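An overview of the molecular structure
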Amino acid sequence: MCGMYSVGMAYAGTGNNKAIRRLLHVAVSDVNDDVRRAAVISIGFLLFNSPEQCPNVVSLLSESYNSHVRYGAALALGISCAGTGMKEALNILEPMINDPVNYVRQGALLASAMVLVQQNDHLCPKLKHFKELFTKTISDKHEDIMVKFGAVLAQGIINAGGRNCTISMRTQYGHTNVPSVVGLLVFTHTWFWFPLSHFLCLAFQPTYLIGLNKDLKMPKMKFRSCARPSTYAYPPLLEPPKEKEKEKVSTAILSTTAKKQAKNKTSAMDVDSPTEDKKEVSFKVEEKKKQEEEKKKQEDEKKEEEKKKEEEKKKDAEKKKDEAKFELLTNPARVIVEQRNVMDIPSDCRYSSVWKRSGLGGFIVLKDTKDGEEEDLIEALKPTIATEEKTTGDAEEPSPPEPFEYTE
């Protein structure tokens, strides 16, 4: 098992064909399940620089008879395709969520959350379905604890850093980020000890754009995103289900009670009066009317729901038509990885970027075209602890103890 992980770490991000062949050979032929699982997971580390190749390599392994291999295939997809929202990866992971083995379902939930980090409905239409699946799994009382644990972690991964973080093993400039790779490696060992799941934080990278002047201070300015605001907007939070009002149900009359009443009448030699017959007929007519009214209510409710959905679709279409083709973001701004290529500084801005490459992201140094004039800077907020200490009067540290000699 250590040999498989060492191959994955030595060739991480390279996509080396010989290493992939060796890992695939071990994943199919080895006797030990732990070794086979480690070999499949290591494929994800090799292919994180070319995530589009991973679904083709792992697709057959995801249908293996061995549950350990299926679990490894799920995590390999999550590692290599993290933050991409790739449809091919989600198509493989979606049926694995209904796997008969619990830990395979756990791995599929974790991997799907890793793939869907910082995605919205515009970039990935399946996001809402997976989010509902996570919440349903967590709230289901009859669900296995192992699967629930995976759903809870998935819920945290998909909302990491207030949805301002992504999972990436590369730096902004395309180099391998060693702490992120090591963090994901240790995270895979959650299989043996669940507290190791915290090491996934090493792979989280904040997505931001911060402009700094020559004094490394933030000036007040705006960046331009040459895309519609909905393209890279925050995904909407799931609303809790609305409680329906309980309707009063009329008491049901069993057929057996009616038969007993009829027998009692015949035994007592009672002759039904015409008025009683009329009452029974009127009662039956009223019941039929009530049933018809209930059916009409249900049909009306369905029609209203359909109308609401159609109106919402029309509103969304109108919003898209009326939506601006670009967006101005204030410094500092939230800019995800896919958005960096469409970021620019407006031509009428006082500052220009020293970075001459296409796309903006992370920290950038700004060049002031109006050097010598006063700059409008963003004031740094003081920490709340310091202000509390000033108000209480405990800001001064206690003086050190006087020197003394220790005697027994």
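Model, not experiment: these values are computed from the prediction. (Residues numbered from 1 in each chain as written. Predicted model: local features only at pLDDT ≥ 70, side-chain atom pairs only at ≥ 80, totals over all residues. Heavy atoms only, no water.)

Notes on the sheet that holds strand 5 (residues 327–330)
In space, the 3 strands of this open sheet follow the order 5-4-6, with antiparallel pairing throughout. In this open sheet, the two edge strands, each paired with only one partner strand, are strand 5 and strand 6 (343–344). Direction of pairing for strand 4 (residues 222–225) relative to strand 5: antiparallel, over a ladder of 4 bridges. Bridging from a neighbouring strand, serine 225 pairs with glutamate 327 of strand 5. (Pairing = 2+ DSSP bridges. Helix = DSSP H or I, 4+ residues; strand = E, 2+ residues; numbered from the N terminus.)

What about the environment of glycine 156?
Note on placement: glycine 156 falls in helix 9 (residues 145–158). With relative accessibility at 42%, the residue glycine 156 sits in the partly exposed group. When the C-alpha positions of glycine 156 and leucine 110 are compared, they lie 9.8 Å apart, and in sequence the two are 46 residues distant. (Buried < 20%, exposed > 50% of the residue type's maximum accessible area, 1.4 Å probe, protein only.)

Overview of the pairing of strand 4
Only one face of strand 4 is covered, namely the face carrying Phe223 and Ser225; the face carrying Lys222 and Arg224 is uncovered. In this sheet, strand 6 lies alongside strand 4 in antiparallel orientation, the contact comprising 2 bridges. Within strand 6, the residue paired with arginine 224 across the bridge is aspartate 344.

Quick word on the packing of aromatic side chains
Counted according to the given criterion, the structure contains 5 aromatic pairs. Pairing tyrosine 103 with tryptophan 191 gives two aromatic rings, centres 5.0 Å apart and planes at 80°, and the pair type is edge-to-face. With tyrosine 103 in helix 7 (residues 102–115) and tryptophan 191 in the loop between helix 10 (178–188) and strand 2 (204–206), this residue pair connects regions lying 88 residues apart in the sequence. Residue classification places tryptophan 191 among the partly exposed positions, given a relative accessible area of 25%. Pairwise contacts between aromatic rings join Tyr71, Tyr103 and Trp191 into one cluster. (Phe/Tyr/Trp six-rings, centres within 6.5 Å; stacked < 30°, edge-to-face > 60°.)

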